[in-house]
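Spelled out from the first residue to the last, the chains are:
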Amino acid sequence: MTYAITQTCCNDATCVAVCPVNCIHPTPEERAFGSTEMLHIDPRACIDCGACADACPVDAIFPVDSLSAGQREYADINAAYYEGGEPAPEAVGPNFHVWGEPVFGRSLPSDFGPLRVAVVGTGPAGMYAAQDLLLHTAAEVTLIDRLPVAGGLVRYGVAPDHPATKKVGDTFSRFHSHPRVRMHLGIEVGRDVTAEELAAHHDAVIYAVGASTDRRLGIPGEEGPGCLSATSFVAWYNAHPEAVAQGVDLSAERVVVVGNGNVALDVARILVADPAALAGTDIAAHALEALRASRVREVVVLGRRGPEDAAYTRSELLALKHLPGVELVVDDHDPRTGAAIDAAGAGDRAGLLRGLARARTAAASPGPGRGADRRIVLRFHSEPVEILADGDVRTVRVTDGGGGGAADLTAGMLLRAIGYRGLPVPGLPFDESSGTVPHEGGRIAGLPGGYVVGWIKRGPSGGIGANRTCAAETVGTLLADAVAGTLPAPTGDAKAFRRLARRRNRRVVDARGLAAIDRAERDRGRRDGRPRVKLATVEELVATARAGRLLRLTR
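The present account deals with the structure reproduced in this document. Being a predicted model, the structure only gives us computed values, none of them experimental. (Residues numbered from 1 in each chain as written. Predicted model: local features only at pLDDT ≥ 70, side-chain atom pairs only at ≥ 80, totals over all residues. Heavy atoms only, no water.)

## Things to note about the packing of helix H4 (residues 124-136) against helix H16 (residues 466-484)
Inference 1: At a minimum axis distance of 8 Å, the contact between H4 and H16 shows a crossing angle of 50°. The orientation of H4 with respect to H16, classified from their angle, is oblique. Here the hand of the crossing between H4 and H16 comes out right-handed. Residues Pro 124, Ala 125, Tyr 128, Ala 129, Asp 132 and Leu 133 of H4 touch H16, and the partners they reach there are Asn 467, Arg 468, Ala 471, Ala 472, Val 475 and Leu 479. (Axes fitted to C-alpha atoms, helices over the stretch in contact; angles between N-to-C directions. Helix = DSSP H or I, 4+ residues; strand = E, 2+ residues; numbered from the N terminus. Parallel < 35°, antiparallel > 145°, perpendicular 65-115°, else oblique. Left-handed = near helix turned anticlockwise from the far one by under 90°. Contact = heavy atoms within 4.5 Å.)

Rendered as structure tokens:
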């Protein structure tokens, strides 16, 4: 029996480090690691030890013979990755494979004193950086987030029906109460404290602020009602405190989603998923109520290019093929779509669409087909050119075929999911063209002691696990600067910064307050048979943190 990596693979390569036979690829040292959709286990070399499954932070690795019907394809996907490759080397002596030269990436002088480092952002990028510092150095870490709760992308970006992916948050949360960590949640750089003040109280500052806004379509009608960003929609169903709880209208039968990446598939899936299944997740209570009353029966996903160039991963597409009561359809308005699918190899992205129903999308929603309650239509070689509104009725004009024609689709809502973009941080340089902070190996250009990690460093690419290697590079650069003596000396200490933060914002949440929020959400979830029911406003979060803190002090 061998193991296989499945849909929720986060690519952080923890499994690679524990594999005794080097059967998981690509590794972080291999060129393909930065661009691969997921990691793969070689069935010819796997020795069934289970070390990778034990180490996986998102429960993505299972024995092949225990895979569910919807996961069995992953055994073939793992095996296909190695077809035509060199056979695994035979075991020689006590070693199962040839080991490379040892690398000591965090080798510091014996007299190296503890650094005081601030990490701005508590999503995966920031927490991988904090984890690296805490595990490999004696650094004291100050965790800062503009929201009064930690988690970032794990809490507010991962779809609620992907609970295994959210488990990586458990790995990060163990560092929230680390004895060398001080937490200041609800503090925003540029609003409550300046970048200069932050730097004055720390040896170094790592900014992990992500890419919090979305790209625009730039077409007429985009600013009208009923046109939302996928960023806003994801925030809405994940109970982000800055999302408008009642701001999504699901009264029409069709929704158009513009984009061909994983976020586009996420929002399409949530729109047509069975509310009864979502009721067992941590989806926002207001979103669950709206989806129960939703009239949406069809989601049309527009892709500017063909199926061979789609940006979604194979695993996310496969998940759509196994949604109960949902039919997945390919729009055949353009002959190039069917030709690409028919010519694709078994391992090609377009080849995964072979066998799906093909039909033309009508101007008005045709309702369910083939006995399915709802359907998702993948329409390639098509993009919106204009959005027309007549009262509550909206028409999305889209390109139709390669001849320059146009077609009109009646829809209640349009969601744009064409990418994220970073925003400037006051006091930091910013590249408007890329939406990132200029840097060298994570070192902010022209700002000694300032560093970046994650999407604000490299742009909005790569999933959760990609931040692990990104953080390792940034922390390595920071430590090299510290050893070289180029970090500016702070003028204030940790206590002075805590006083400054609380003077500027009386609603700061610390680690005990965060623990109180977590307990309250889990308690609410247990009453409803859910993993947790999230507090959805800043006021609720802060009040719960304070109440929990006071309760502990009175015991």
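## Some thoughts on the packing of helix H10 (residues 262-272) against helix H13 (residues 314-321)
The axes of two packed helices give the description: the angle between them and the distance between them.
Inference 1: In the contact formed by H10 and H13, the axes pass within 10 Å of each other and the chain directions differ by 20°. By the angle between their directions, the pair H10 and H13 is classed as roughly parallel. Here H10 and H13 pass one another in a crossing that is left-handed. For the pair formed by H10 and H13, the contact residues are Asn 262, Leu 265, Asp 266 and Arg 269 on the first element and Glu 316, Leu 317 and Leu 320 on the second.

## Description of the side chain of Thr 477
Inference 1: Its place among the elements puts Thr 477 in helix H16.
Inference 2: Judged by relative accessible area, which is 13%, Thr 477 ranks as buried.
Inference 3: Setting aside residues up to four positions removed in sequence, Thr 477 forms contacts with Glu 440, Gly 441, Arg 443 and Tyr 451. (Buried < 20%, exposed > 50% of the residue type's maximum accessible area, 1.4 Å probe, protein only.)

## Brief notes about the sheet that holds strand S19 (residues 413-416)
Strand pairing in a sheet relies on backbone hydrogen bonds. The paired strands run either parallel or antiparallel.
Inference 1: Strand order in the open sheet made by the seven strands is S10-S19-S11-S12-S15-S13-S14, with parallel pairing throughout. The two strands at the open ends of the sheet, each matched to only one other strand, are strand S10 (227-229) and strand S14 (357-359). Neighbouring strand axes in the sheet, compared pairwise and without regard to direction, differ in orientation by 25° on average.
Inference 2: As paired elements, S10 and S19 share three bridges and run parallel to each other. Note that in S19 the partner of Ser 229 across the bridge is Arg 416. (Pairing = 2+ DSSP bridges.)

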